[in-house]
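# Structure at a glance
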Amino acid sequence: MTDIKTWIDSELQSNDVVLFMKGTPDAPMCGFSSRVVQILDHLGAPYKGINVLESGELRQGIKDYSNWPTIPQLYVKGEFIGGCDIVTEMFQSGELKTLLSEKTLA
Amino acid sequence: MAMNASEIEHLIREALPDARVEIRDLAGDGDHYAANVISPSFRGKSRVQQHQMIYAALKGRMGGELHALALQTSAPED
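In this report, we go over the structure that sits alongside the text.

Criteria and thresholds
Residues numbered from 1 in each chain as written. Chains lettered and ligands numbered in written order. Predicted model: local features only at pLDDT ≥ 70, side-chain atom pairs only at ≥ 80, totals over all residues. Heavy atoms only, no water. Helix = DSSP H or I, 4+ residues; strand = E, 2+ residues; numbered from the N terminus. Buried < 20%, exposed > 50% of the residue type's maximum accessible area, 1.4 Å probe, protein only. Areas by Shrake-Rupley, 256 points an atom, 1.4 Å probe, with all protein chains shown as cover. Lys, Arg positive; Asp, Glu negative; His and termini not counted. Charge placed at Lys NZ, Arg CZ, Asp CG, Glu CD. Contact = heavy atoms within 4.5 Å. Buried area = accessible area lost by both parts, 1.4 Å probe. Salt bridge = Lys/Arg side-chain N within 4 Å of Asp/Glu carboxyl O. Polar contact = N/O pair within 3.5 Å; in protein donor to acceptor, adjacent residues only side chain to side chain. Pairing = 2+ DSSP bridges. Axes fitted to C-alpha atoms, helices over the stretch in contact; angles between N-to-C directions. Parallel < 35°, antiparallel > 145°, perpendicular 65-115°, else oblique. Left-handed = near helix turned anticlockwise from the far one by under 90°.

### Comments concerning the overall build of chain A
Counting its secondary structure elements, chain A contains five helices and six strands. With respect to the three principal axes, the spread of C-alpha positions in chain A is 40 × 25 × 25 Å. A total of 106 residues make up chain A; the buried ones form 50% of that total. Split by element, the accessible area of chain A, about 5100 Å² in all, is 49% carbon and sulfur. Of the side-chain charges in chain A, 9 are positive and 14 negative, and the distance between the mean point of each set is 2 Å.

### Remarks on the interface of chain A and chain B
It is common to report an interface's size as the accessible area lost on association of the parts. Listed by partner, the interface residues are 16 residues for chain A and 13 residues for chain B. Together, the buried faces of chain A and chain B total about 1100 Å²; carbon and sulfur atoms form 57% of this surface. Glu 95 of chain A serves as the salt-bridge partner of Arg 47 of chain B, at 2.7 Å between the closest nitrogen and oxygen. There are five residue pairs in polar contact (both at pLDDT 80 or more) connecting chain A and chain B. Going through the elements one at a time, β6 (79-82) and α4 (84-93) of chain A are the ones with two or more residues in the side of chain A that touches chain B.

### Examining the sheet that holds strand β3 (residues 68-74) of chain B
Residues and elements named next belong to chain B. Within the open sheet, the three strands sit side by side as β1-β2-β3. Their pairing is mixed. For this open sheet the edge positions go to β1 (20-25) and β3, each flanked by a neighbour on one side alone. Direction aside, neighbouring strands of the sheet carry axes that sit 15 degrees apart on average. Those strands touched by helix α1 (residues 5-15) are β1 and β2 (32-38), and its axis lies near 155 degrees from that of β1.

### Some points on the sheet that holds strand β4 (residues 48-51) of chain A
Residues and elements named next belong to chain A. Read across the open sheet, the four strands follow the order β4-β1-β5-β6; overall the sheet is mixed. Each edge of the sheet is formed by a strand with only one pairing partner; in this case those strands are β4 and β6. Each strand axis lies, on average, 25 degrees off the axis of its neighbour in the sheet, ignoring direction. In the sheet, strand β1 (residues 17-21) pairs with strand β5 (residues 73-76) via four bridges, with the strands oriented antiparallel. Looking at the pairing, Leu 19 lines up with Leu 74 of β5. Along the sheet face, helix α3 (residues 56-66) touches β1, β4, β5 and β6 and points at about 60 degrees away from the line of β5.

### Brief notes about the pattern of salt bridges
Enumeration according to the criterion identifies eight salt bridges over all chains in this entry. Glu 89 of chain A is the partner of Arg 47 of chain B in a salt bridge, and the nearest nitrogen-oxygen pair spans 2.8 Å. On the criterion of chain membership, the pair formed by Arg 47 of chain B in helix α2 (residues 47-57) and Glu 89 of chain A in helix α4 is interchain, its members lying in two chains. Taken together, the shared-partner salt bridges connect Glu 89 and Glu 95 of chain A together with Arg 47 of chain B into one network.

### Some thoughts on the packing of helix α2 (residues 31-43) of chain A against α4 of chain A
Residues and elements named next belong to chain A. The geometry of α2 relative to α4 is characterised by a closest axis approach of 9 Å and an angle of 30 degrees between their N-to-C directions. Regarding the angle of α2 to α4, the classification is roughly parallel. Relative to α4, the crossing made by α2 is left-handed. Contact with α2, carried on its side by Phe 32, Arg 35, Val 36, Ile 39, His 42 and Leu 43, involves Cys 84, Val 87, Thr 88 and Phe 91 of α4 and no other residues of that element.

These figures come from the coordinates and say nothing about function on their own.
Here you go:
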């Protein structure tokens with residue numbers, strides 16, 4: 001398998017909105033991941049959910065990739081947006097909707 | 001493993017001496033806290049950068065010993 005950073009890079013290049021999470025969008029396995037899924041579903045933003053529990057290497061690799069110690073992690077057009085707190089704050093202030101519509105994604 | 005609120009506050013203050021720090025225990029299990037941190041050092045920094053400063057102050061405990069820390073950060077109003 002290519003090294004994890006290269007794999008993450010390619011996922012972020014080939015998907016506009018990526019959510020690294022615990023579990024899957026249909027079956028989130030952590031309250032924080034589930035909250036971000038609900039927010040994205042509410043905004044109707046298409047996204048790719050990647051379950052970090054499937055690989056220890058990915059679970060650690062994504063934390064190193066963004067220098068962010070927790071999961072979930074949301075990326076839009078390859079840019080790290082934040083974890084559950086920041087995504088919730090941006091959703092409540094309307095910034096997330098603006099960001100997604102600016103990038104013509106929702 | 002868990003942490004207590006004063007330990008978290010102490011670590012944040014060590015890294016950000018000018019910060020106003022408010023810690024709330026969300027679950028009473030030493031693992032789920034909320035922290036509101038106001039510091040001039042956050043001025044001009046994105047939310048991600050501000051939170052990364054707090055995680056750095058916690059010296060690797062975030063996501064390990066400390067499972068959940070709901071963070072709210074801001075620079076003081078002028």
